[in-house]
Number of protein chains: 2
Amino acid sequence: MLSKNQIKLIKSLGQKKHRQQEELFIVEGIKGINEFLNSEFELDQLYTTQPIFEIADNKVVFINENQLKRISSLKNPNTALAIFKIPESKPPVESDLTVVLDDVRDPGNLGTIIRLCDWYGIRQIICSTNTVDCFNQKVVQATMGSLTRVNIYYTDLRDFLKSTDLEVLGTFMNGENIYTAKLPEKGLIILGNEANGISIGIEELIDRKITIPQFGDLKNTESLNVANATAIVLSEFKRRFIEK
Amino acid sequence: MLSKNQIKLIKSLGQKKHRQQEELFIVEGIKGINEFLNSEFELDQLYTTQPIFEIADNKVVFINENQLKRISSLKNPNTALAIFKIPESKPPVESDLTVVLDDVRDPGNLGTIIRLCDWYGIRQIICSTNTVDCFNQKVVQATMGSLTRVNIYYTDLRDFLKSTDLEVLGTFMNGENIYTAKLPEKGLIILGNEANGISIGIEELIDRKITIPQFGDLKNTESLNVANATAIVLSEFKRRFIEK
């Protein structure tokens, strides 16, 4: 059975305000739900059309396909929708390389960046308070489970950068060529907003500007998508370790 | 004035079948339209709410904001919508590095890959016939004008690969580590479908398999998004030139 109140709660979790009030967020699909079940995240409630998850009975509500369609935000809902508890935010720890996001707004971009960090073994991302919420459903879907392995911490970036002893690098159009620059093994790498790049208040606090150079004879491309820029930057930092 | 027939034509160009029949496609927004106007592409008709484009009067139809909303496929239409002619397909030419796509289906991914190729100076992409149409509106929007600088050629990939003398590399989960492998300066790099990777019929025709390795101690990430994989592969091939 699916009650009106349950439907109302699930729908409300589409909004950041309600996610923060309820301290809950949504994961959809078998694979994604299993990744969260096998992690430190705590299940609140599971709505499923099939008895395929090994969890306590009091956490499960069986529903039919029509009910799933009603509560799902996906075009093609996949078997189940789960509500998990938003854990307490873990402050960043000392680490080799940390990705810092200055107002990344697109959920798909943040989701992809979380997945990339997971791939490159980066266990934390520090986000400005205006960066899109990592428990937004589109972000959660785009991370493909990587959100269970990467800690996302939201904070006032200026305060954070003022207090760090680590080298602070930022991606700009007019910095050192990332391919020929000497890169540090430890540090913070800042990537900026989709339309405006890194904001002026943050730029002041950056130690070194780096650039992914354009190739070829035309050089008309306006910029790289921020998720692709992250892919290239992480690839370039990380490959230098294994060559040593 | 915007006639019923014009609206019908514009709407119909949302479908590949009609784009191919009419040999027309749509570009939206001031920046994108200007990139195509300044390229070899030929304008068919421009619908604009403002007189800001320098083109012949007989090609321009002035419309109001409501009419633009009616014909636009964007949430936030931007000033104008243009119809351009689909040019004749140019067969691939001998080149350093060519990207080959085996059934990439997501318009955003193809658009981003075109933009990446433009950034890295790669002037052609060869696509399997099942790869999403590059004149799909979402692809055109995602390329941010790069479609004017990169030639996209659709063909039977098996026939094409059988006839080439170039080295054929493909991205797999179990190939040589791309960071430590000796990479050729000339060749074809194949990237596969979002869900299934490179198909078996194409895998047979590949000379060398390469892999973007995972880092860190967890290594649970399922895969990288195909556009991010393209970003990393192109970065790695291209950086080796400038270090010489």
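The model shown is predicted, which means the values in this text are computed figures rather than measured ones.

Draft legend 1. Looking closely at the overall build of chain A. Assigned secondary structure in chain A consists of nine helices and 10 strands. Principal-axis analysis of the C-alpha atoms gives chain A an extent of 60 × 40 × 35 Å. The buried share among the 244 residues of chain A stands at 41%.

Draft legend 2. Looking closely at the interface of chain A and chain B. Listed by partner, the interface residues are 31 residues for chain A and 31 residues for chain B. Those elements that place two or more of their residues in the side of chain A that touches chain B are α5 (107-119) and α9 (226-242) of chain A. Here the side of chain A that touches chain B is built from residues that sort into 12 nonpolar, 11 polar and eight charged.

Draft legend 3. A look at the sheet that holds strand β2 (residues 43-48) of chain A. Residues and elements named next belong to chain A. Spatially, the four strands line up as an open sheet ordered β1-β4-β2-β3, and their pairing is mixed. Pairing within the sheet leaves two strands with one partner each, and these edge strands are β1 (24-28) and β3 (60-62). On average, adjacent strands in this sheet sit at an angle of 15° to one another, irrespective of strand direction. Both β2 and strand β4 (residues 80-85) contribute to a ladder of five bridges, which runs antiparallel. Across the sheet, L43 pairs through a bridge with F84, a residue of β4. Seen against the sheet, helix α3 (residues 30-37) touches β1, β2 and β4 and runs at an angle of roughly 25° to β4.

Draft legend 4. The relation of the copies chain A and chain B, seen in detail. For the pair chain A and chain B, the superposition axis carries a translation of 0.0 Å, the fit reaches an RMSD of 0.0 Å, and the rotation angle comes to 180°. Taken together, the rotation and translation describe the operation of a two-fold axis. By residue overlap, the copies meet face to face through one surface: 100% of the interface positions of chain A are interface positions in chain B.

Draft legend 5. Representation of the domain arrangement of chain A. Residues and elements named next belong to chain A. Examined at the domain level, chain A breaks down into domain 1 (4-85) and domain 2 (97-242). On a C-alpha basis, the centres of domain 1 and domain 2 stand 30 Å from each other. Counting residues at the interface gives 14 residues for domain 1 and nine residues for domain 2. Those elements that place two or more of their residues in the side of domain 1 that touches domain 2 are α2 (16-22), β1 and α3. In the side of domain 1 that touches domain 2, the residues fall into five nonpolar, four polar and five charged.

Draft legend 6. Structural context of the sheet that holds strand β10 (residues 208-211) of chain A. Residue and element names in this part refer to chain A. Taken in spatial order, the six strands make up an open sheet running β7-β6-β5-β9-β8-β10, and their pairing is parallel. One side of each edge strand has no neighbouring strand; the edge strands of this open sheet are β7 (151-155) and β10. On average, adjacent strands in this sheet sit at an angle of 35° to one another, irrespective of strand direction. When strand β6 (residues 124-128) meets β7, the two strands line up parallel, connected through five bridges. Looking at β7, one finds that I125 is bridged to I152.

Draft legend 7. Focus on α5(A). Residues and elements named next belong to chain A. For α5, which comprises 13 residues, the first-to-last C-alpha distance of 18 Å matches the rise-based estimate of 18 Å (1.5 Å per residue) to within 8%. Burial of α5 is extensive: 11 of the 13 residues sit out of reach of the surface. If you check which residues of α5 are buried, you get N109, L110, G111, T112, I113, I114, R115, L116, C117, D118 and W119. Just past α5, the residue G121 takes up positive phi, approximately 70°.

Basis of the calculations
Residues numbered from 1 in each chain as written. Chains lettered and ligands numbered in written order. Predicted model: local features only at pLDDT ≥ 70, side-chain atom pairs only at ≥ 80, totals over all residues. Helix = DSSP H or I, 4+ residues; strand = E, 2+ residues; numbered from the N terminus. Buried ≥ 20, exposed ≤ 12 C-beta atoms within 10 Å, placed from the backbone. Contact = placed C-beta atoms within 7 Å. Nonpolar A, V, L, I, M, F, W, Y, C, P; charged D, E, K, R; others polar. Pairing = 2+ DSSP bridges. Axes fitted to C-alpha atoms, helices over the stretch in contact; angles between N-to-C directions. Least-squares fit on C-alpha atoms with pLDDT ≥ 70 in both. Domains from an automatic or database assignment. Expected span 1.5 Å × (residues − 1).

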